[in-house]
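Next come the chains, spelled out residue by residue.
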Amino acid sequence: MSIIVKNLTHVYMPGTPFESTALKDINWKIEDGEFWGLIGHTGSGKSTLIQHLNGLLKPTAGEIIIDGENLHAKSARLKEIRQKIGLVFQYPEHQLFEETVEKDVAFGPKNMGLPEDVVGKRVREAIEQVGLNYDAVKDKSPFELSGGQMRRVAIAGVLAMNPEVLILDEPTAGLDPLGRDEILEEIVALRKKRNITVILVSHSMEDIARLVDKIAVMHRGKMIKQGSSREIFRDYKGLTSIGLGIPQITELMMRLRERGKDVACDVLTVEEARAEILKALRRKGSA
Amino acid sequence: MREITIGQYIPGNSAVHRLDPRTKIIVTLFYMILLFLLNNFQGYVFPVAFIVLASVLSGISIKYMLKGLRPLIFIIALTFILNIFMIKGRILYEIGPLDLTYEGLYQGAFMAIRLVLLIVGTSLLTLTTSPISLTDGIEKLLSPFKKLGIPAHELAMMMTIALRFIPTLLEETDKIMKAQMARGADFESGNIIKRAKNMVPLLVPLFISAFRRADELAMAMEARCYRGGENRTRMKELKMTSLDYMTYVIFSTIVLGALISRYLW
Amino acid sequence: MTAEIIAQGVYYQYAQDNNLALKDINFKIDKGEFVAIIGPNGSGKSTLAKLLNGIFVPTKGEIYVDGVNTASKEDIWKVRQKAGMVFQNPDNQIVATVVEEDVAFGPENLGIPPAEIRIRVREALEAVELTEYAHKAPHLLSGGQKQRVAIAGILAMKPQCIILDEPTAMLDPVGRKEVISTVKKLNREEGKTIVLITHFMDEAVQADRVFVMSNGQVVMEGTPRQVFTRVEKLKSIGLDVPQVTELSYQLRKAGIEIRPDLLTLEETVDCLCQLL
C-alpha cells in the first residue's frame, strides 16, 4: 500500500486568535513495504502528520492519496481506508476498556463487521504476534496485566484489523530496556512476516538507527529532510542545530574521523562500529 | 465553544480586578437579590448604573459582556414569549387561541431585562476574578460555617483541583476518542441509545485514567505534607483595602436608592 | 560525612501480594551524594522510593532519614519535609492552576508564614529557571517544564534530600536534559542529596553512585564505572549499557587491548585515538 502526501498544510482553529499552523506544505511518498522513521521535536508536527494519514484529521490544504485514491474525495470510503492504516497512539494502553483481553482486541475487527469466526482467528493471531500467550491472557482483564503487557494488548488491538500500514507513535515510551527491545523486535518480526509498511515515530535515535531504512525529519511543521538513515545521520550538524541528536556510536565514529582516523563515519550500530574499528586496526597492523 | 464569553476570566489590573474576591462575591449576591426586589422599569436604572460603573472601572466593555448572552439568548426569548401569552389582561391582539395582552408585554419585557441584567451582572464577577482567587474567596466566606459542618477548605480544594484538571481531561478525551476511531469506533451516527452505547469505549478509559490520576495526585499531595486545612497558611492572604470599603459604600448607595425607588416611582 | 538515608534490613510486601516487593535492603546514602537507582520494571525501585519518604512503611526493618525513623507516626511530616519526592507523571502531581501557587502548596501545608512563602517560591523558581513562568497555567508548559515546577514545589519545602521516581520516563530528550541538568545543579550548587530512579543509563552514568535492583534486591552497587563495565551481568538483568561501553566490551572480546571502563563519548574518542 502506498501513501502519497501532497502539499499538505494543516491549520488548527483557523480564524481565531488561537490559530496556528501545525503543518506546512508537506510532501512525502511512502512506498509499499518501506520502513520509515519519523523524527522531530515534541511539537514539530509529527503527531498531526500521522493523524492525517488515516483520516483522523482533515488537511486544510493539500491531499493524501492512498493507493491512488484521494482520502478526502467525496467518494472515498474513509472507514475502509482507516482499517488498512493502523495507528498505534502514544501510551496505547490508555485506550483499553473491555472486560477481557480477548474482547478488547476484538473491538477493531468487530467494528469492521467481520464474521465471528474470522474475528476469533484474527484476535488469536494478533495476541500471539505481540508475544503473549493467547490461552493464558485471553480471559484476563487487561487491567491486571503489567504495563508492558497492556501495551502489547493495545498494539494487538490494532494488528487484529490486519492493517497494511502500521504507524506507531513512540511505542516504547516509558518502558524499561528489556520491554523496549521486546516490542521493537516484535515489530521487526511482524514486518517480515506480513510484509507491511511501518512508520515508527521515536525520540530514540539509537532505535531509529538500528531499525528503519528511511528517515523523515520534521521541524516546526515542515518536513525538512528525507532520506536513507545513513544519509540523514551523516548530517550531524544539521540535526543538532534543530535540537535532535545522532546515535552515540555514530557520533563516536565522526569524532574519530575528525581527528584524522581512517574510519567510515556513517555507522548506525555498535556492531558496525566494531567491525569498522577492527578493520582499521588491521590496516594499521599491516602497514 | 470559544464563543462563550460568559465566565471567562480576563486578566487585568483594574480597580475591579484588584478588589478582594470576597467583596465581589458579596456584592454579586446582593446585586442578585436587588434585581428580584425591583418592581418597576424605572428601578432598573440602578443595576444598569452599577454595570456601567463596573464596566468603566474594569475596562471590560459592555459590548463584550453582552456577547456572553449569546448562548443564553434562547432562554431569554423563551421567558419573554411565555410571559407575553401567560398573563391575562387588556387584549392587544389575538393569535388563534393565544391572547397578546398589554400586561403580558410589559411583564415579558420586564422579566427578560431582569434576566439580561442578572447574567451580565454575575458574569462580571467571573470576568474580573481569576478562578483561584474566586476559590479563595469562597473558602474564606464559608469558613465561619465550618462549625456547622460545612467543609469550606475541602470544597475549595476540590474546586481548585477540578479547575486544574479540566484542560488535562479534555485533552485526554480527544486522544482516546481518536485512538478508538482508529480502531473503527463510530461516535457520530446512530440513534441516541446506540450512540450512548458507543460511548463506552471512550468513557471507560476516561474513568480509569481519572481514577489513576486521582490516586497519584493524592499520593503527591501527601508527599508534600498535605493534611487538610488545619494549620495551613496561604501565600496570598486575602486583605480588604480602602478600595473594598469604598465599593461597599457605593454599592450600598445604589441598593438604598433602588429600595427607595420602589416607593417613590 | 554523615549519612542522610539509612536502610537497615528492609523488607516490603504489598497487602494483596504473596511475594516480597523488597528483600533485605541495606544501604547508606551520604549527605550531598547523588545516587542513581536502576533496574527493570517490577524490580522494586519505585517501591523503594516510596519507602524513603514514608509514603510506605517497611514491613520489616527500618529506614532513617536524617536520623528520623520513617515508621514513626509523630515524625512522618518531618520525614516528608526532609525528603521531597518528585513523581513520574508530570500532570498528576501539580495541584494548582497557576505555577507559583503550586510551588507554594508545600510550604503552605507546613504552615510557613506568607511573607516567607513568597521568598521561598521566588528562590525555588529561580533555582529551576522558571521565574518567567510564575503566573502561567501549568497545563500550558512542556513536560520538562512541568517536572521542573514539581522540583521547585519540593525545593520550596527546603528538603535536604530529593527523591525522583523516574522523573524523565514520560519526557522527550529535550525535557530529559532539562530535568537532569536541574537535578545535577541542585546537587552541586545547593548540596542537595539526590536519589534518582531511572531506566535511562545515560542519566545513571552521571551519578556518584549507582544501585542496581533486580527482583526486590540491590544486586550491584558502586560507581558508574564499576557498575557499567559489568556488561554481561547488566544484560542478564535486562538492562542496557551506553553504546560506547558496549563497543569497548565488544572490542575487548575481539582481543583488542582497550580500557574496560569507558563510559563517556569523550574518553572513548581519546582512548581509540591512541589505539588507531
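Residues numbered from 1 in each chain as written. Chains lettered and ligands numbered in written order. Predicted model: local features only at pLDDT ≥ 70, side-chain atom pairs only at ≥ 80, totals over all residues.

Novice: Describe the overall build of chain B, with residues and values.
Specialist: A count of helical and extended segments in chain B gives 11 helices and 2 strands. Secondary structure elements of chain B, listed N to C terminal, follow the sequence α-α-α-α-α-β-β-α-α-α-α-α-α. Over its C-alpha trace chain B gives a radius of gyration of 24 Å, far above what one expects of a compact globule, namely 18 Å for 265 residues. Taken along the three principal axes of its C-alpha coordinates, chain B extends 65 × 55 × 40 Å. Taking all 265 residues of chain B together, the buried fraction comes to 23%. Across chain B, every contact between residues at least 6 apart in sequence was considered, and the portion connecting residues at least 24 apart equals 71%. (Helix = DSSP H or I, 4+ residues; strand = E, 2+ residues; numbered from the N terminus. Rg over C-alpha atoms; globule rule 2.2 N^0.38 Å. Buried ≥ 20, exposed ≤ 12 C-beta atoms within 10 Å, placed from the backbone. Contact = placed C-beta atoms within 7 Å.)

Novice: Pulling in residues and values, what's your account of the overall build of chain C?
Specialist: Helix and strand counts for chain C come out as 11 helices and 10 strands. Over its C-alpha atoms chain C spans a radius of gyration of 20 Å, differing by no more than 12% from the 19 Å that the globule rule assigns to 276 residues. Considered along the principal axes of its C-alpha atoms, chain C spans approximately 65 × 45 × 35 Å. Buried positions account for 55% of the 276 residues belonging to chain C.

Novice: So what's going on with the interface of chain B and chain A? Residues and values would help.
Specialist: Counting residues at the interface gives 16 residues for chain B and 21 residues for chain A. Of all elements in the fold, only helix H8 (152–182) and helix H10 (200–223) of chain B reach the threshold of two or more residues within the side of chain B that touches chain A. It is H8 of chain B that contributes the most residues to the side of chain B that touches chain A, 7 residues altogether.

Novice: Tell me what's going on with the sheet that holds strand E2 (residues 22–30) of chain C, and back it up with residues and numbers.
Specialist: Residues and elements named next belong to chain C. An order of E2-E1-E4-E5 is seen for the 4 strands of this open sheet, with the pairing classed as antiparallel. Each end of this open sheet is capped by a strand with a single partner; those strands are E2 and strand E5 (68–69). Of the strand pairs in this sheet, strand E1 (residues 3–12) and strand E4 (residues 60–65) are connected by 5 bridges, and their pairing is antiparallel. In the sheet register, Ala7 faces E4, and the bridge partner there is Ile63. Together, E1, E2 and E4 form the strand contacts of helix H1 (residues 45–52), whose direction differs from that of E1 by roughly 125 degrees. (Pairing = 2+ DSSP bridges. Axes fitted to C-alpha atoms, helices over the stretch in contact; angles between N-to-C directions.)

Novice: Break down the nonpolar core for me, citing the residues and quoting the values.
Specialist: Note that soluble globular proteins tend to have their nonpolar side chains buried in a common cluster. Ranked by size, the top nonpolar core spans 176 residues in total, and within it Ile167 of chain A together with Leu52 and Ala152 of chain C carry the most contacts. In terms of residues, this core owes the most to one element, helix H6 (residues 147–159) of chain A, which gives 7 residues. Excluding residues that lie within four positions of it along the chain, Ala152 of chain C makes contacts with Val103, Ala124, Leu125, Ala127, Val128 and Leu130 of chain C. (Core = buried A, V, L, I, M, F, W, Y, C linked by C-beta atoms within 7 Å.)

Novice: Tell me about the interface of chain B and chain C, residues and numbers included.
Specialist: Every contact between the two is made by 26 residues of chain B and, on the other side, 33 residues of chain C. Elements with a minimum of two residues in the side of chain B that touches chain C: helix H7 (131–142), H8 and H10 of chain B. Broken down by element, the residue count for the side of chain B that touches chain C peaks at 8 residues, all from H10 of chain B. Grouping the amino acids of the side of chain B that touches chain C by side-chain chemistry returns 13 nonpolar, 4 polar and 9 charged. (Nonpolar A, V, L, I, M, F, W, Y, C, P; charged D, E, K, R; others polar.)

Novice: Tell me about the sheet that holds strand E9 (residues 209–214) of chain C, residues and numbers included.
Specialist: Neighbouring strands of a sheet are bound in pairs by backbone hydrogen bonds; such pairs are parallel or else antiparallel. Residues and elements named next belong to chain C. The mixed open sheet is built from 6 strands, whose spatial order is E6-E7-E8-E3-E9-E10. Sheet topology places strand E6 (83–86) and strand E10 (217–222) at the edges, where each strand pairs with a single neighbour. Recorded for the sheet is a direction-independent mean angle of 20 degrees between the axes of neighbouring strands. In terms of strand pairing, strand E7 (residues 161–165) meets strand E8 (residues 193–197) through 5 bridges, oriented parallel. Bridge pairing in E8 places Leu164 opposite Leu196. Relative to E6, helix H5 (residues 143–155) is tilted by about 165 degrees, and along the sheet it contacts E6 and E7.

Novice: Explain the pairing of strand E2 (residues 98–101) of chain B to me, and be specific about the residues and the numbers.
Specialist: All names here are of chain B. Pairing of strand E1 (residues 91–95) with E2, which is carried by 4 bridges, proceeds in the antiparallel orientation. Bridging across to E2, Ile95 finds its partner in Leu98. Once E1 ends, the chain turns through 2 residues before running back antiparallel as E2, passing Gly96 with a positive phi of about 55 degrees.

Novice: Explain the pairing of strand E10 (residues 222–228) of chain A residue by residue, including any values.
Specialist: As a general feature of sheets, a regular strand has side chains that alternate between the two faces. Residue and element names in this part refer to chain A. With 6 bridges connecting them, strand E9 (residues 214–219) and E10 associate as antiparallel partners. Bridging from a neighbouring strand, Val217 pairs with Lys225 of E10. Two successive antiparallel strands, E9 and E10, enclose a turn made up of 2 residues, where Arg220 displays a positive phi of approximately 45 degrees.

Novice: Tell me what's going on with the packing of H7 of chain B against H8 of chain B, and back it up with residues and numbers.
Specialist: All names here are of chain B. As a packed pair, H7 and H8 sit with axes 8 Å apart at the nearest point and diverge in direction by 170 degrees. Overall, the two elements H7 and H8 adopt an arrangement that is roughly antiparallel. The two elements H7 and H8 meet at a crossing, and its hand is right-handed. Along its contact with H7, which presents Pro131, Ile132, Thr135, Ile138, Glu139 and Leu142, the element H8 presents Ala152, His153, Leu155, Ala156, Met159, Thr160 and Leu163. Residue composition of the contact of H7 with H8, by class: 9 nonpolar, 3 polar and 1 charged. (Parallel < 35°, antiparallel > 145°, perpendicular 65-115°, else oblique. Left-handed = near helix turned anticlockwise from the far one by under 90°.)

Novice: For the packing of helix H11 (residues 248–258) of chain A against helix H12 (residues 270–286) of chain A, give the residues involved together with the corresponding values.
Specialist: When two helices pack together, their arrangement is given by the angle between the helix axes and by the axis-to-axis distance. Residue and element names in this part refer to chain A. The contact between H11 and H12 brings their axes to 9 Å, and the two run at 25 degrees. With respect to each other, H11 and H12 are oriented roughly parallel. The handedness of the crossing between H11 and H12 is left-handed. In contact with Ile249, Leu252 and Met253 of H11, H12 contributes Val270, Ala273 and Glu276. Among the residues making up the contact of H11 with H12, the classes are represented as 5 nonpolar, no polar and 1 charged.

Novice: Kindly report on H8 of chain B, identifying the contributing residues and their values.
Specialist: Here H8 of chain B is 31 residues long and its end C-alpha atoms lie 44 Å apart, about the 45 Å a rise of 1.5 Å per residue gives. At Phe165 of chain B, H8 of chain B shows its largest bend, some 35 degrees, and a proline, Pro167 of chain B, comes one to four positions later. Those residues of H8 of chain B that sit buried are Ala156, Thr160, Arg164, Phe165, Ile176, Ala179, Gln180, Met181 and Ala182 of chain B. Contact partners of the buried residues in H8 of chain B: helix H2 (78–84) and strand E6 (85–88) of chain A together with H7 and H10 of chain B. (Expected span 1.5 Å × (residues − 1). Bend = angle between axes of the 7 residues up to and from the residue.)

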